[in-house]
Amino acid sequence: MTYQVEDPRREWPGTLDVAEMLRNGWRAHPFRQFLLKAHSRCNLACDYCYVYTLADQSWRSRPMIMAPELVSAVAGRIAEHAAAHRLDSVRLILHGGEPLLAGADYLVRAVRLVRDRAGPDVRVEAVVQTNGVLLDKDVLRAFADEGVDVGVSLDGTPRGNDRNRRYADGRSSYPAVAEALSLLMEPEFRHVYNGLLCTVDLANDPVETYEALLLFQPPVIDFLLPHGTWDAPPPGRVPDPAATPYADWLVAVFDRWYGASGETVVRLFQEIIHLLLGRASASEAVGLTPSTLVVIETDGTMEQTDSLKAVRHGAPATGLNVVDHPFDDALLHPGVVARQLAFEGLSDTCKACPYSRVCGAGLYTHRYRRGTGFLNPSVYCPDLYRLIGHIRDRLLADLRRARLPKGRP
């Protein structure tokens, strides 16, 4: 197999000798998460979207919807992979664009096909990640009947959400999303409510944003950092290492959340706490847990994590497709290997950091710098260091209080 490397300087991880690693005993972790790009277009025009507004514009040349024969090929390849690696469960993520543009019936058939091909010994967890504007009772009943969970994107208050998440003609998306979330809160659909994704916008008040999300009773909130690299930094992320605008924002939310236990799970905070206490992370945003996710685009091509579209055109590509290649071939792509190397996949700067095993250099995409590739700290390094340090200090203070004898100041 050969893989195209766009940069002639052979940036890391293009320099990895995967064949030599295999000879020396390294083995890949099988894929357990399959992100299916059911529809490549969207009915919103979000300012920060990595699919449409950043470096990779491959969506323009891809079919809008994955053809039925390709869905069948994906189902067969997932079953093949699960059998080869004796997996008892996998996760199918229906994504886009906006996956609901493909229709609920299409998505349900896709899930049913994957489950049928996988067989009774493999549990297929399915979730659709949507902007929510097309959710109604009929759609939710179809998902509930098939056992498909629903995650929705929302950025807080109506004003905060509409800074970035509007229709192409400028109309607010908030009312439609709020109506969909009110349905998910009903007893009939509560069990498929997977949570909320919120992209951090420094222009929005952090506590106000968090409390606006709480109004919809999410079981989980994921706060996402806007995608950026060292060459194209995210908004407000200046070169000054003393500046920590994103940590300041997240610390305000953490203090509000930590002081009111039981409201909801905030995944980023929960994962950092788990890591500080010596446990593994279930998120690629922090920690060193090997990535086991692969993306399948509407044309059947296999790609690395789709956030790599923020790096450059073609950055997520593997040169593979589900018709001609098993998923095991993608496991040997240097970019996939790099995201499974844990501590050995960190830069020397990160290895020397006291928080290296907690931070894990952050999200892989955010490490990119032209010339050195992904062997760098995160562009959010100062923010992650401050946030982790703050959470650590709060935990230590609580642990010290818990150990003090009763009545001792």
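Predicted model, so just to flag it, every value in this text is computed and none were measured.

A. Representation of the pairing of strand E5 (residues 193-199) in the model. Taking burial as the measure, the seven residues of E5 include six buried ones, the bulk of the element. Bridge count for strand E4 (residues 148-153) against E5 is four bridges, and the pairing is parallel. Within E5, the position partnered with Gly151 by the bridge is Gly195. Looking at chain direction, E5 and strand E6 (residues 220-224) are connected through four bridges and run parallel. Opposite Leu196, over in E6, you have Ile221 as the bridge partner.

B. Expanded view of the sheet that holds strand E3 (residues 123-130). Read from one edge to the other, the open sheet built from ten strands follows the order E7-E6-E5-E4-E3-E2-E1-E8-E9-E10, with strand pairing classed as mixed. In this open sheet, the two edge strands, each paired with only one partner strand, are strand E7 (265-266) and strand E10 (317-321). Those strands touched by helix H3 (residues 104-118) are strand E2 (89-95), E3 and E4, and its axis lies near 160 degrees from that of E3. Contacts between helix H7 (residues 206-214) and the sheet are confined to E5, E6 and E7, with E6 contributing the most and set at about 145 degrees to the helix.

C. Structural detail: the packing of aromatic side chains. In the structure shown here, the tally under the stated rule is twelve aromatic pairs. Ring centres 5.1 Å apart and planes at 55 degrees place the aromatic pair Tyr368 and Phe374 in the tilted group. Among the residues examined, Phe374 registers a relative accessible area of 8% and is labelled buried. Feature note: the residues Phe254, Trp257, Tyr258 and Phe269 constitute an aromatic cluster, connected by ring pairs. Between the NZ or CZ atom of Arg171 and the centre of the ring of Tyr167, over which it lies, the distance is 4.1 Å.

D. Structural view of the pattern of salt bridges. Tallied over the full model, the rule gives 29 salt bridges. With its nearest N and O atoms 3.4 Å apart, the salt bridge here joins Arg312 to Glu11. Residue Arg312 is located in the loop between strand E9 (301-303) and E10, and its partner Glu11 is located in the segment before helix H1 (18-23); the two are separated by 301 residues in the primary sequence. On the basis of relative accessibility, which here comes to 23%, the residue Arg312 falls in the partly exposed class. Take Glu11: its relative accessible area is 6%, and that puts it in the buried class. Notably, a salt bridge pairs Glu20 with Arg23, separated by 2.7 Å at the nearest N-O pair. Highlighted residues: Glu20 and Arg23, both in helix H1, separated by three residues, approximately one helical turn. When its relative accessible area of 32% is taken as the criterion, Glu20 is described as partly exposed. The network of salt bridges with shared partners includes Arg62, Glu297, Asp299, Glu303 and Lys309.

E. Spotlight on the side chain of Arg367. Looking at the element boundaries, Arg367 is found in the loop between helix H13 (356-359) and helix H14 (381-403). It turns out Arg367 is buried and unbridged, and the closest side chain with the opposite charge, Glu284, is 7.5 Å from it. If we ignore the near neighbours within four places in the chain, the residues touching Arg367 are Trp230, Gly345, Leu346, Gly360, Ala361, Gly362, Gly373, Phe374, Asn376, Pro377 and Ser378.

Rules used in this analysis
- Residues numbered from 1 in each chain as written.
- Predicted model: local features only at pLDDT ≥ 70, side-chain atom pairs only at ≥ 80, totals over all residues.
- Heavy atoms only, no water.
- Buried < 20%, exposed > 50% of the residue type's maximum accessible area, 1.4 Å probe, protein only.
- Helix = DSSP H or I, 4+ residues; strand = E, 2+ residues; numbered from the N terminus.
- Pairing = 2+ DSSP bridges.
- Contact = heavy atoms within 4.5 Å.
- Axes fitted to C-alpha atoms, helices over the stretch in contact; angles between N-to-C directions.
- Phe/Tyr/Trp six-rings, centres within 6.5 Å; stacked < 30°, edge-to-face > 60°.
- Lys NZ or Arg CZ within 6 Å of the ring centre and 35° of its normal.
- Salt bridge = Lys/Arg side-chain N within 4 Å of Asp/Glu carboxyl O.
- Lys, Arg positive; Asp, Glu negative; His and termini not counted.

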